[in-house]
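Observations on chain architecture
For reference, the chains in residue letters:
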Amino acid sequence: MQSAASTVAEGLSSAALEMNIDPPVCIADGDTGYGNAVNVKRTVFGYARADMAGIMIEDQVSPKRCGHVAGKAVIPFDEAVQRVKAACDARDEYSSQFGEGSGPLILARTDALKTDGFEAAIERCLAFREAGCDMTFLEAPESIEQMEDYCRRVGGAKLANMLEQGATPVLPPQTLKKMGYTMAAYPLTLLSASIKAMTASLDRIQKGMPTDDIIS
């Protein structure tokens, strides 16, 4: 419990540091909610107070793993739905206290495709929608056909995770929009590009080559 609370505190602190007078619209990664339903509610309230526009809650066991690697495990179906329901209840409670529409968007993620199969993942997305989430996120579909099927069968807003060299086909934003996705995340694109640029810069330095042209 103490460890979970520390993790939440660190996340909220980081979010607060990113905010300024006119903060950008941000969706925070609420991970697994850091515990039971009570913890999930506290996590949602905390990120809402940090001016996050939304928060993602997922159904992996804790500690979670990257959605595109092996070794993942998800919590049982009913527990997953209750986790999302707790987040939605917290959103509504926050809105009732601080004004209609002030509660954060709830983005419900499932990693069940890899562990339980595509149909089980779709079932969870549908259940999350019924529980009240604002947007669903089926992690790591393995083909364009699965992406299209997900968009066709699950209503509401949907997130696509565009991870280079991951399990999911990386498609142009307009293609994703036509398919039925509402939002696309590129979680490692800028980081990977910056690392590549830094590696090239260090290589020049090692070889005694000039670097003026790559920083201007």
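Described in the following lines is the structure provided in the data block. (Residues numbered from 1 in each chain as written. Predicted model: local features only at pLDDT ≥ 70, side-chain atom pairs only at ≥ 80, totals over all residues. Heavy atoms only, no water.)

1. Description of the overall build of the protein
A tally of regular secondary structure across the protein gives nine helices and six strands. The buried share of the protein, taken over its 216 residues, is 41%. Long-range pairs, those at least 24 residues apart, make up 68% of the contacts in the protein between residues at least 6 apart in sequence. When the accessible surface of the protein is totalled, it reaches about 11,800 Å², and 55% of it is carbon and sulfur. (Helix = DSSP H or I, 4+ residues; strand = E, 2+ residues; numbered from the N terminus. Buried < 20%, exposed > 50% of the residue type's maximum accessible area, 1.4 Å probe, protein only. Contact = heavy atoms within 4.5 Å. Areas by Shrake-Rupley, 256 points an atom, 1.4 Å probe, with all protein chains shown as cover.)

2. Structural notes on the layout of surface pockets
Of the volumes computed, that of the largest pocket is approximately 540 Å³. Lining the largest pocket are 20 residues, with I27, M56, N161, A185 and P187 sitting closest to its centre. Contributions of two or more residues to the lining of the largest pocket are made by β1 (27-29), β3 (105-110), β5 (157-161) and β6 (183-185). When its residues are assigned to classes, the lining of the largest pocket shows 13 nonpolar, three polar and four charged. (1 Å grid on protein atoms, 1.4 Å probe; cavity = no way out; pocket = protein on both sides within 12 Å on 5 of 7 lines; lining within 4 Å. Points joined across faces, edges and corners; volume = space filled by probe spheres on them. Nonpolar A, V, L, I, M, F, W, Y, C, P; charged D, E, K, R; others polar.)

3. Notes on helix α5 (residues 118-131)
Taking 1.5 Å per residue, 14 residues should reach 20 Å; α5 reaches 20 Å between its end C-alpha atoms and fits that length. In the core, the buried residues of α5 are packed alongside α3 (77-98), β3, α4 (112-116), β4 (135-138) and α6 (144-153). Backbone geometry just after α5 places G132 at a positive phi near 115°. (Expected span 1.5 Å × (residues − 1).)

4. Considering the packing of α3 against α5
Look at α3 against α5: their axes get within 9 Å of each other, and the N-to-C directions meet at 35°. Relative to α5, the crossing made by α3 is right-handed. Listed contacts from α5 to F77, A80, V81, V84, K85 and C88 of α3 are E123, R124, A127, F128 and A131. The class makeup of the residues in the contact of α3 with α5 is eight nonpolar, no polar and three charged. (Axes fitted to C-alpha atoms, helices over the stretch in contact; angles between N-to-C directions. Left-handed = near helix turned anticlockwise from the far one by under 90°.)

5. Considerations on the packing of aromatic side chains
A full pass over the atoms with the stated rule returns three aromatic pairs. Aromatic pair F45 and Y94: ring centres 5.4 Å apart, planes at 75°, arrangement edge-to-face. Taken together, the residues span a long stretch of sequence, with F45 in helix α2 (residues 37-49) and Y94 in helix α3 at a distance of 49 residues. Per residue, the accessibility class of F45 equals that of Y94, and both read buried. Ring geometry for Y94 and F98: centres 4.5 Å apart, planes at 35°, overall tilted. Of this pair, Y94 and F98 both sit in helix α3, four residues apart, which is roughly one turn of that helix. Judged by its relative accessible area of 9%, Y94 is buried. (Phe/Tyr/Trp six-rings, centres within 6.5 Å; stacked < 30°, edge-to-face > 60°.)

6. Notes on the pattern of salt bridges
By the definition in use, this model includes 15 salt bridges. D59 is paired through a salt bridge with R124; the nearest N and O atoms lie 3.0 Å apart. One end of the pair, D59, is in the loop between β2 (54-58) and α3; the other, R124, is in helix α5, with 65 residues separating them in the sequence. Classification of D59 by relative accessible area gives buried; the value is 0%. Taking the relative accessible area as the measure of exposure, R124 reaches 4% and is therefore buried. One salt bridge connects R153 with D149, and the closest N-O pair in it is separated by 3.3 Å. (Salt bridge = Lys/Arg side-chain N within 4 Å of Asp/Glu carboxyl O.)

7. Observations regarding the sheet that holds β1
Across the sheet, which stays open at both edges, the six strands sit in the order β1-β2-β3-β4-β5-β6 with parallel pairing between neighbours. One side of each edge strand has no neighbouring strand; the edge strands of this open sheet are β1 and β6. Pairwise comparison of adjacent strand axes, ignoring direction, gives a mean angle of 25° for this sheet. As paired strands, β2 and β3 are joined by five bridges and run parallel to one another. Each bridged residue has a counterpart across the sheet, and for E58 the counterpart in β3 is R109. (Pairing = 2+ DSSP bridges.)

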